[in-house]
Protein chains: 2
Amino acid sequence: MSTHPVEVGGPTRQRLIDVAIELFKQHSVAGTSLQMISDELGLTKSAIYHHFRTRDELLTAVMEPLIGEVGALVVAAEKHRGPRARADHLLQGYAALAAANRELIPLFTGDPSVAALLQARPDWAAVVERQMMLLAAVEPGLGGQVKATLVMSGIASAAGVDYGDVDEATLRDQLLAAGRRTLGLRVR
Amino acid sequence: MSTHPVEVGGPTRQRLIDVAIELFKQHSVAGTSLQMISDELGLTKSAIYHHFRTRDELLTAVMEPLIGEVGALVVAAEKHRGPRARADHLLQGYAALAAANRELIPLFTGDPSVAALLQARPDWAAVVERQMMLLAAVEPGLGGQVKATLVMSGIASAAGVDYGDVDEATLRDQLLAAGRRTLGLRVR
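Predicted model only: the values in this text are computed from it and were never measured.

1. A short note on the overall build of chain A
- Looking only at helices and strands, chain A features eight helices and zero strands.
- Counting from the amino terminus, helix and strand elements in chain A follow one another as α-α-α-α-α-α-α-α.
- Considering only C-alpha atoms, chain A reaches an extent of 55 × 40 × 25 Å along its principal axes.
- By residue count, 49% of the 188 residues in chain A fall in the buried class.
- Contacts in chain A between residues at least 24 apart in sequence constitute 69% of all its contacts with a sequence separation of at least 6.

What follows is the structure, given as structure tokens:
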């Protein structure tokens, strides 16, 4: 991505988020500074302080809607009876979320800055932990934990691959089928 | 990790690799510069030029043995008859490799600097591509591709999680069982 002309009247909040996401893709989150984001916009750092004071404030704004969706999904999944029904509800929603955000979701797997932000936000870490526990509960013990991690990270990574001309619903269905297979849930 | 005292006689090649891996864990590969590595050692950049001139030369040294192992695995797997036997051979080796390198393997999934290095090394990209094709061939079409990606990335991520006191052989067996399940290979 090349540099952009200086924006008249200063960048909007959404414009900053969009530029940040582009840089996260190129350099990882951990490899992107607020300075790089302002450089990309041809601005000084102080020109964007109005919206975000740190890279992590920007990262928070990017992640917040996704964590919100996962949180709602966890609450809905926990209302089901039995570990298999709970895991399946969660998996359906997570596959849909990953397919709908196929550029964004892969950025958050394995990135140390994302892990650090989760450490700093116990409410967010709790959402991810509950998500993991719902998936792991299908099989007691280590096997369930390994499969849950494989599904969570694997779906995030697999959503981001370019398979050619594949629409969102098809991708969602394939991610769901793969996740169900891994967890040993019935394919419906 | 705190800074270290200046090394007498200059750092060894292995010491540079070890420090680089620590920084990759903390900051991602994309977020780690040669400057950061020399700062961590309390050295100037020129003091480490003897061993490595760029961060990517260092990354190459870290990845080379692993790519070599995957390459040997791909060649051995391709000697089997039938897509299922080939995929299973590969999966056994990959699960063992991930379990034996549980700190290292997760660093390479989804990191843009690793992806860029693979682009610049067509011989390495070919190894990864053959690995992927061997896993994807179990199921024709998109389903096979999605499951292969989920298994490759998922095993790498799942290997890096702290499950408490789990030895290498147990982790390997669990990664293999999860991968076989995802691909629909018989658990033996």
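2. A few points about helix α7 (residues 142-159) of chain B
- With 18 residues, α7(B) ought to run about 26 Å at 1.5 Å a step, and its terminal C-alpha atoms sit 25 Å apart, in line with that.
- Within α7(B), 17 of the 18 residues are buried, which leaves the element mostly enclosed by the surrounding structure.

3. Considerations on the domain arrangement of chain A
Residue and element names in this part refer to chain A.
- Partitioning chain A into structural domains gives domain 1 (13-53) and domain 2 (63-183).
- Taken over C-alpha atoms, the centre of domain 1 sits 27 Å from the centre of domain 2.
- Taken together, the six residues of domain 1 in the interface contact seven residues of domain 2.
- Between domain 1 and domain 2, a total of about 530 Å² is buried, with carbon and sulfur atoms accounting for 72% of that surface.
- On the surface where domain 1 and domain 2 come into contact, there are one salt bridge.
- A salt bridge links Glu 103 to Lys 25; the shortest N-O distance between them is 2.4 Å.
- Between the two partners, domain 1 and domain 2, sit three residue pairs in polar contact (both at pLDDT 80 or more).

4. Some remarks on the nonpolar core
- Formed by 128 residues in total, the largest nonpolar core has its most connected members in Ile37(A), Leu175(A), Ile37(B) and Leu175(B).
- Discounting residues that sit within four places of it in the chain, Ile37(A) has contacts with Leu16(A), Val19(A), Ala20(A), Leu23(A), Thr32(A), Ile48(A) and Leu58(A).

5. Section: the interface of chain B and chain A
- With 33 residues of chain B at the interface, the matching set in chain A holds 33 residues.
- A combined buried area of about 2,600 Å² lies between chain B and chain A, and 70% of that area is made up of carbon and sulfur atoms.
- The largest contributions to the chain B side of the interface with chain A come from Leu142(B), Leu150(B) and Arg181(B), which together make up 24% of the buried area.
- Inspection of the chain B/chain A interface yields two salt bridges.
- For the salt bridge of Glu139(B) with Arg181(A), the shortest nitrogen-to-oxygen distance reads 3.6 Å.
- Run the count over chain B and chain A and you get five residue pairs in polar contact (both at pLDDT 80 or more).
- Within the residue set of the side of chain B that touches chain A, elements represented by two or more residues are α1 (13-27), α7 and α8 (168-183) of chain B.
- Here the element with the most residues in the side of chain B that touches chain A is α7(B); it accounts for 12 residues.
- Grouping the amino acids of the side of chain B that touches chain A by side-chain chemistry returns 14 nonpolar, 15 polar and four charged.

6. Some points on the relation of the copies chain B and chain A
- Superposition of chain B onto chain A requires a rotation of 180° combined with a translation of 0.0 Å along the rotation axis, giving an RMSD of 0.0 Å. In short, the pair behaves as if placed about a two-fold rotation axis. The rotation axis passes nearest to the C-alpha of Gly31(B) in chain B, at a distance of 1.7 Å.
- In this assembly the copies share their binding face: 100% of the residues contributing to the interface of chain B also contribute to that of chain A.

What counts and what doesn't
Residues numbered from 1 in each chain as written. Chains lettered and ligands numbered in written order. Predicted model: local features only at pLDDT ≥ 70, side-chain atom pairs only at ≥ 80, totals over all residues. Heavy atoms only, no water. Helix = DSSP H or I, 4+ residues; strand = E, 2+ residues; numbered from the N terminus. Buried < 20%, exposed > 50% of the residue type's maximum accessible area, 1.4 Å probe, protein only. Contact = heavy atoms within 4.5 Å. Expected span 1.5 Å × (residues − 1). Domains from an automatic or database assignment. Buried area = accessible area lost by both parts, 1.4 Å probe. Salt bridge = Lys/Arg side-chain N within 4 Å of Asp/Glu carboxyl O. Polar contact = N/O pair within 3.5 Å; in protein donor to acceptor, adjacent residues only side chain to side chain. Core = buried A, V, L, I, M, F, W, Y, C linked by side-chain atoms within 4.5 Å. Nonpolar A, V, L, I, M, F, W, Y, C, P; charged D, E, K, R; others polar. Least-squares fit on C-alpha atoms with pLDDT ≥ 70 in both.

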